[in-house]
Amino acid sequence: MEWRLDAEHPVVFFINGIGDNILNLPALRALAQVFEGRLTLISSGREALQIFNELPLRRLVSIPVNKTDNGREFDTKNAAGLTGDCDLFIALVPWCTSSLIQLIKELRPALSVGFFSNYDIRIPLDFDKHSAELAFDAVRLFNPSYCLRDFTAPPSYRSEALAEAESLISSLGPGTRVLAAHADTIPEKMWVPDRFIETLDIFLDLHKDYAALLIGSRPQGLDSGRYGDRVIPCYGLPLSISQSLVAKADRFLGVDSCMLHVADFARVPGVGLFGPTRAEEFGFLVGPNVTIQAQGQMEQIEVGEVCAALDSIIANPKQSTTWDVAEGSVAQVPVAG
């Protein structure tokens, strides 16, 4: 074990969705601490560079990736050339493609660690765990004493983005509280728009001191309800500003998405809506929340349930609760932190 900690050129590979960047940030922070000043991270995309800029890396290597029928593929010779020396290779991705297999062959590390059989050390790919916990299993190989929650501070957003978010919120007027709402993601994880509009109407009718900020990339007409003057579309903003708005909100309402993870790590009390995906794997990790879990279809979630969840998180902002709407039961779990 000791010689692994003394690796001179450790490399960690992580390329996935924007939300996964946040969920894997604790593991990356911990690995950067284990291999202080020596770690190279291979990633992809402008958003990843923004999220990972805070890490004390030797180098951040960004490579272009193509999504194909066979998964994520990339130019392995280019990636290997940009990476350089590698005596320890750690893959945090729960996927494996021919490009990734070839990259390991090109780099020729003395030891490789990952979730599949082609690695020297294979970590169990346990999807019953929270995604952040699964990534942190790689950290525990090198330092079993590390605790995931010690690395779950909010991402470090750019000061300019935070200032823009503060300015927008201040423009709402003195004493105005903010509900950040995020509704757009892949179609099967989105809630029925008319129900979202009705929920915002009911919430804003009950809570006159609140305005709702609609965060996302695709307008959905959610500001067309009775209280549309207090529903402010914030679509198409730079990602860092959108994330900063969520992090500075008083409450959050959203589907399984990157913005839910932003609210979670910022400890913004939130309501999360899950259907085809499992909250146990992709839901709140450390922040207070009421999670509504449907069994497969988002259409199973009713307006009354979401309104009740919002009222609950307003009244008790320190709770951590899951509501299984299919069974009509409420399962209590310990408050985060």
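Criteria and thresholds
- Residues numbered from 1 in each chain as written.
- Predicted model: local features only at pLDDT ≥ 70, side-chain atom pairs only at ≥ 80, totals over all residues.
- Heavy atoms only, no water.
- Buried < 20%, exposed > 50% of the residue type's maximum accessible area, 1.4 Å probe, protein only.
- Helix = DSSP H or I, 4+ residues; strand = E, 2+ residues; numbered from the N terminus.
- Contact = heavy atoms within 4.5 Å.
- Salt bridge = Lys/Arg side-chain N within 4 Å of Asp/Glu carboxyl O.
- Phe/Tyr/Trp six-rings, centres within 6.5 Å; stacked < 30°, edge-to-face > 60°.
- Expected span 1.5 Å × (residues − 1).
- Arc of directions from axis to C-beta.
- Core = buried A, V, L, I, M, F, W, Y, C linked by side-chain atoms within 4.5 Å.
- Axes fitted to C-alpha atoms, helices over the stretch in contact; angles between N-to-C directions.
- Parallel < 35°, antiparallel > 145°, perpendicular 65-115°, else oblique.
- Left-handed = near helix turned anticlockwise from the far one by under 90°.
- Nonpolar A, V, L, I, M, F, W, Y, C, P; charged D, E, K, R; others polar.
- Pairing = 2+ DSSP bridges.
- Right-handed = clockwise from strand over helix to strand, strands pointing away.

Trainee: I'm lost on helix α10 (residues 239–247) in this one. Help?
Mentor: Three or four residues apart is the spacing at which side chains of an α-helix point the same way, because the helix has 3.6 residues per turn. With eight of its nine residues buried, α10 lies for the most part within the structure. All of the buried residues along α10 are Leu239, Ser240, Ile241, Ser242, Gln243, Ser244, Leu245 and Val246.

Trainee: Hey, could you run me through the environment of Ile313 in this one?
Mentor: Position of Ile313 among the secondary structure elements: in helix α13 (residues 303–315). What makes Ile313 buried here is its relative accessible area of 1%. Taking C-alpha positions, Ile313 is 27 Å from Cys147, a pair spaced 166 residues apart along the chain. With residues up to four places along the chain from it excluded, the contact list for Ile313 reads Arg251, Pro269, Gly270, Val271, Pro288, Asn289, Val290 and Gln319.

Trainee: Can you walk me through the pattern of salt bridges in this structure?
Mentor: Two side chains carrying opposite charge are able to pair once their charged atoms lie near each other. Evaluated as defined, the whole model comprises 13 salt bridges. With its nearest N and O atoms 3.5 Å apart, the salt bridge here joins Arg158 to Glu160. Look at the salt bridges and you will find they share partners, linking Lys129, Glu133, Asp137 and Arg140 into a network.

Trainee: What exactly am I supposed to notice about the environment of Leu49 here?
Mentor: Along the chain, the position of Leu49 falls in helix α4 (residues 46–52). In this structure Leu49 comes out as partly exposed when scored by relative accessible area, which is 29%. If sequence neighbours within four positions are ignored, Leu49 has contacts with Leu60 and Ser62.

Trainee: Can you help me understand the packing of aromatic side chains in this one?
Mentor: Given two aromatic rings, one states the distance between the centres and the angle between the planes to describe the pair. All chains considered together, the criterion is met by nine aromatic pairs. With 5.9 Å between their ring centres and 75 degrees between their planes, Phe13 and Trp95 make a pair best called edge-to-face. Of this pair, Phe13 sits in strand β1 (residues 10–13) while Trp95 sits in the loop between β6 (88–91) and α6 (98–107), and the two are 82 residues apart along the sequence. For the pair shown, Phe13 and Trp95 are each scored as buried. With 6.3 Å between their ring centres and 75 degrees between their planes, Phe14 and Phe52 make a pair best called edge-to-face. Pair noted here: Phe14 is in the loop between β1 and α2 (18–23) and Phe52 is in helix α4, with a separation of 38 residues, a long-range link. Three or more aromatic residues link up through ring pairs in this structure, and these residues are Phe13, Phe74, Phe89 and Trp95.

Trainee: Is there a simple way to think about helix α8 (residues 159–170) in this case?
Mentor: With 12 residues, α8 extends 16 Å between its outermost C-alpha atoms, agreeing within 8% with the 16 Å of an ideal straight helix rising 1.5 Å per residue. Buried residues of α8: Ala161, Ala165 and Ile169, and no others. Buried positions in α8, seen along its axis, are confined to an arc of 70 degrees and lie on one side of it. In α8, those exposed residues whose orientation departs by more than 90 degrees from the buried face are Ser159 and Ser170. Considering only its buried residues, α8 is in contact with β9 (177–182), β10 (210–216) and α10.

Trainee: How should the nonpolar core be read in this particular structure?
Mentor: Nonpolar side chains tend to gather and get buried jointly when the protein is soluble and globular. Counting 83 residues, the largest nonpolar core has Phe13, Leu31, Phe89, Ile90, Leu92 and Leu103 as the members making the most contacts within it. Look past the residues within four positions of Leu103 in its chain and what remains in contact with it is Phe13, Ile42, Phe74, Thr76, Ala79, Ala80 and Phe89. Core analysis: the next-biggest nonpolar cluster, separate from the first, contains 33 residues, Ala181, Val231, Met298 and Trp323 among them.

Trainee: What am I meant to see in the packing of helix α3 (residues 25–34) against helix α7 (residues 131–142) here?
Mentor: If you want to describe how two helices pack, look at the angle between their axes and the distance between the axes. Two numbers describe how α3 lies on α7: the axes approach to 8 Å, and their chain directions differ by 20 degrees. Put simply, α3 runs roughly parallel to α7. The hand of the α3/α7 crossing is left-handed. The residues of α7 that touch α3, namely those facing Pro26, Ala27, Ala30, Leu31 and Val34, are Ala135, Phe136, Val139 and Phe142. Of the residues in the contact of α3 with α7, the class split is nine nonpolar, no polar and no charged.

Trainee: Looking at this model, I keep getting lost on the pairing of strand β13 (residues 270–274). Mind explaining?
Mentor: Taken residue by residue, a regular strand's side chains alternate between the two faces of the sheet. Among the five residues in β13, five count as buried, and that is most of the element. Alternating residues of β13 divide into Gly270, Gly272 and Phe274 and Val271 and Leu273, and every residue in both groups is buried. In this sheet, β13 lies alongside strand β12 (residues 251–255) in parallel orientation, the contact comprising four bridges. If you follow Gly254 over to β13, its bridge partner there is Gly272. The parallel pair β12 and β13 is bridged by helix α11 (residues 258–265), and the resulting crossover is right-handed. The pairing of β13 with strand β14 (residues 289–293) spans five bridges and is classified as parallel. Bridged to Val271 within β14 is Val290.

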